[in-house]
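Letter by letter, the chains look like this.
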Amino acid sequence: MISKKYLKSKPVAKVTFSLDKKEAQGADEIALAGDFNEWSITETPLKKNKNGKFSVTLDLEQGKSYQFRYVFDEEIWENDPAADAYVPNNLTFEENSVVEV
């Protein structure tokens, strides 16, 4: 799930990326990799809460599209089922998730 909260005082939106327990597929750790962090698999970890849901909130500049994927346990790359769009990834011949802010 992706939720967006637009700020009136700044040209950014608070974008929350989250996966419920079922979507997390039993992963111990999940990270968010994308345009906004140079596709780092360690820079943006999602926090796990008591009910097994993982989430992280980022400030992203409005008026842009960002490609991203989730990385489960530093090895399995997954798309977000609630992404705004999907685009081809020419490196792996899969798709990347897109969030439009």
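In what follows, the accompanying structure is described. Keep in mind that what you see is a predicted model, and the values were worked out from it rather than measured. (Residues numbered from 1 in each chain as written. Predicted model: local features only at pLDDT ≥ 70, side-chain atom pairs only at ≥ 80, totals over all residues. Heavy atoms only, no water.)

1. Quick notes on the overall build of the chain
Put simply, the rule reads: Working definition: helices are DSSP H or I runs of at least four residues, strands are E runs of at least two. Numbering for both runs from the N terminus. For the radius of gyration, the atom set is restricted to C-alpha positions; the globular benchmark scales as 2.2 Å times the number of residues to the power 0.38. Type-normalised accessible area, obtained with a 1.4 Å probe on protein chains alone, sets the label of each residue: buried when under 20%, exposed when over 50%, and partly exposed for intermediate values. The criterion used for residue contact is that any of the two residues' heavy atoms lie within 4.5 Å. Each accessible area is a Shrake-Rupley result for a 1.4 Å probe, and residues are judged covered by the shown protein chains and nothing else. Only four residue types enter the charge count: Lys and Arg as positive, Asp and Glu as negative, with His and the chain ends excluded. A charge is said to be at NZ when it belongs to Lys, at CZ for Arg, at CG for Asp and at CD for Glu.
Counting its secondary structure elements, the chain contains 0 helices and 9 strands. At 13 Å, the chain has a C-alpha radius of gyration in line with the 13 Å of a compact globule built from 101 residues. Overall, the C-alpha framework of the chain stretches about 40 × 35 × 20 Å when taken along its three principal axes. For the chain, buried positions account for 37% of its 101 residues. In the chain, the proportion of contacts linking residues at least 24 apart, taken out of those at least 6 apart, comes to 62%. When the accessible surface of the chain is totalled, it reaches about 6400 Å², and 49% of it is carbon and sulfur. Within the chain, the 18 negative side-chain charges are centred at a point lying 11 Å from the centre of the 13 positive side-chain charges.

2. Brief notes about the nonpolar core
To be explicit about the condition: Put simply, a nonpolar core is a bunch of buried Ala, Val, Leu, Ile, Met, Phe, Trp, Tyr and Cys residues held in one set by side-chain atoms that sit within 4.5 Å of each other.
Among the nonpolar cores identified, the biggest contains 20 residues, and Val15, Phe17, Ile30, Leu32, Leu60, Tyr70 and Val99 are the most heavily contacted of them. Counting residues per element, the ones that place at least two in this core are β2 (12-19), β3 (30-34), β5 (54-61) and β6 (65-72). Those residues in contact with Tyr70 that sit more than four places away from it in its chain are Phe17, Ser18, Leu19, Ile30, Ala31, Leu32, Leu46, Ile76, Trp77, Glu78, Asn79 and Asp80.

3. Overview of the packing of aromatic side chains
Operational definition: Any Phe, Tyr or Trp ring, taking Trp's six-membered ring, that has another such ring centre within 6.5 Å forms a pair; planes under 30 degrees apart are called stacked, those over 60 apart edge-to-face, and the others tilted.
By the definition in use, this model includes 5 aromatic pairs. Each ring, one from Trp39 and one from Trp77, has its centre 6.4 Å from the other, and the planes form 35 degrees; the classification is tilted. Highlighted residues: Trp39 in the loop between β3 and β4 (47-48) and Trp77 in strand β7 (residues 76-78), separated in sequence by 38 residues. Using a relative accessible area of 32% as the deciding quantity, one classes Trp77 as partly exposed. Note on Phe68 and Tyr70: the rings are 5.8 Å apart at their centroids and 85 degrees apart in plane angle, and the pair reads as edge-to-face. In this pair, the class of Phe68 matches that of Tyr70, namely buried. Joined through ring pairs, the aromatic side chains of Phe17, Phe36, Tyr66, Phe68 and Tyr70 make up one cluster.

4. Section: the environment of Glu43
Along the chain, Glu43 falls in the loop between β3 and β4. The class for Glu43 is exposed, based on a relative accessible area of 54%. In this structure, the C-alpha to C-alpha distance between Glu43 and Ile30, residues 13 residues apart in sequence, is 11 Å.

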